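Fold and geometry: a report
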Amino acid sequence: ELRADREVVLAAVKQSVGALHFASQELWADREFVIPVVQQNGRALRYASEELRADREVVLAAVKQSVGALHFASQELWADREFVIPVVQQNGRALRYASEELRADRE
């Protein structure tokens, strides 16, 4: 099926971001597919599998393209100091997404 073919969908996305809606669930769980997609359109993180929305590298790639991708990062990442610090350094408003514990941390 073409919707599950990484190369076909990536080529379609280069023509139109709307093609993302047609990608299969298998592709949204495929790190090799998701990283280049979110580098091009950070908000596409919303379609990624739950596992990839908890993957620090995937989410940081999305955030570099669009700070709006933060909304789709897993709660698990927002409790991860190693994730939160570089994100907040990039955009201070991101602190609102951090866990209460990290927001209270003076460091």
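Everything below is about the structure printed above this text.
Read on for a plain summary of the structure.

Reading the values: rules and limits
- Residues numbered from 1 in each chain as written.
- Predicted model: local features only at pLDDT ≥ 70, side-chain atom pairs only at ≥ 80, totals over all residues.
- Heavy atoms only, no water.
- Helix = DSSP H or I, 4+ residues; strand = E, 2+ residues; numbered from the N terminus.
- Buried < 20%, exposed > 50% of the residue type's maximum accessible area, 1.4 Å probe, protein only.
- Areas by Shrake-Rupley, 256 points an atom, 1.4 Å probe, with all protein chains shown as cover.
- Lys, Arg positive; Asp, Glu negative; His and termini not counted.
- Charge placed at Lys NZ, Arg CZ, Asp CG, Glu CD.
- Core = buried A, V, L, I, M, F, W, Y, C linked by side-chain atoms within 4.5 Å.
- Contact = heavy atoms within 4.5 Å.
- Polar contact = N/O pair within 3.5 Å; in protein donor to acceptor, adjacent residues only side chain to side chain.
- Phe/Tyr/Trp six-rings, centres within 6.5 Å; stacked < 30°, edge-to-face > 60°.

**A word on the overall build of the protein**
Within the protein, the regular secondary structure consists of 7 helices and 0 strands. Counting helices and strands in the order they occur from the N terminus, the protein gives α-α-α-α-α-α-α. By principal-axis analysis of the C-alpha atoms, the protein measures approximately 50 × 20 × 15 Å. Scored against the burial criterion, the 107 residues of the protein give a buried share of 42%. Taken as a whole, the protein presents about 6700 Å² of accessible surface, with 46% of it coming from carbon and sulfur. Mean positive and mean negative side-chain charge positions of the protein (14 and 17 charges, respectively) differ by 9 Å.

**Re the nonpolar core**
If you look at the biggest cluster of nonpolar residues, it comprises 33 residues, and the most contacted ones within it are W28, F33, V34, L45, W78 and F83. Elements that contribute at least two residues to this core include exactly α1 (6–15), α2 (25–28), α3 (31–40), α4 (56–65), α5 (75–78) and α6 (81–90). Contacts of W78, omitting those with residues within four sequence positions, involve L70, A73, F83, V84, V87, A94, Y97, A98, S99 and L102.

**A word on α4**
All of the buried residues in α4 are V58, V59, A61, A62 and V63. Contacts made by the buried residues of α4 are with α3, α5 and α6. Capping the start of α4 is the job of one residue whose side-chain oxygen sits 3.0 Å from the backbone nitrogen of E57: D55.

**What to know about the packing of aromatic side chains**
For the structure shown, the criterion picks out 4 aromatic pairs. Measuring from ring centre to ring centre gives 5.2 Å for W28 and F33, while their planes differ by 80 degrees; the resulting arrangement is edge-to-face. Assigned by exposure class, W28 and F33 land together as buried. Between W78 and F83, the ring centres sit 5.1 Å apart and the planes meet at 75 degrees, which makes this aromatic pair edge-to-face. No difference in accessibility class separates W78 from F83, as the two residues are buried. Among the aromatic residues, those joined into a ring-pair cluster are W28, F33 and Y47.

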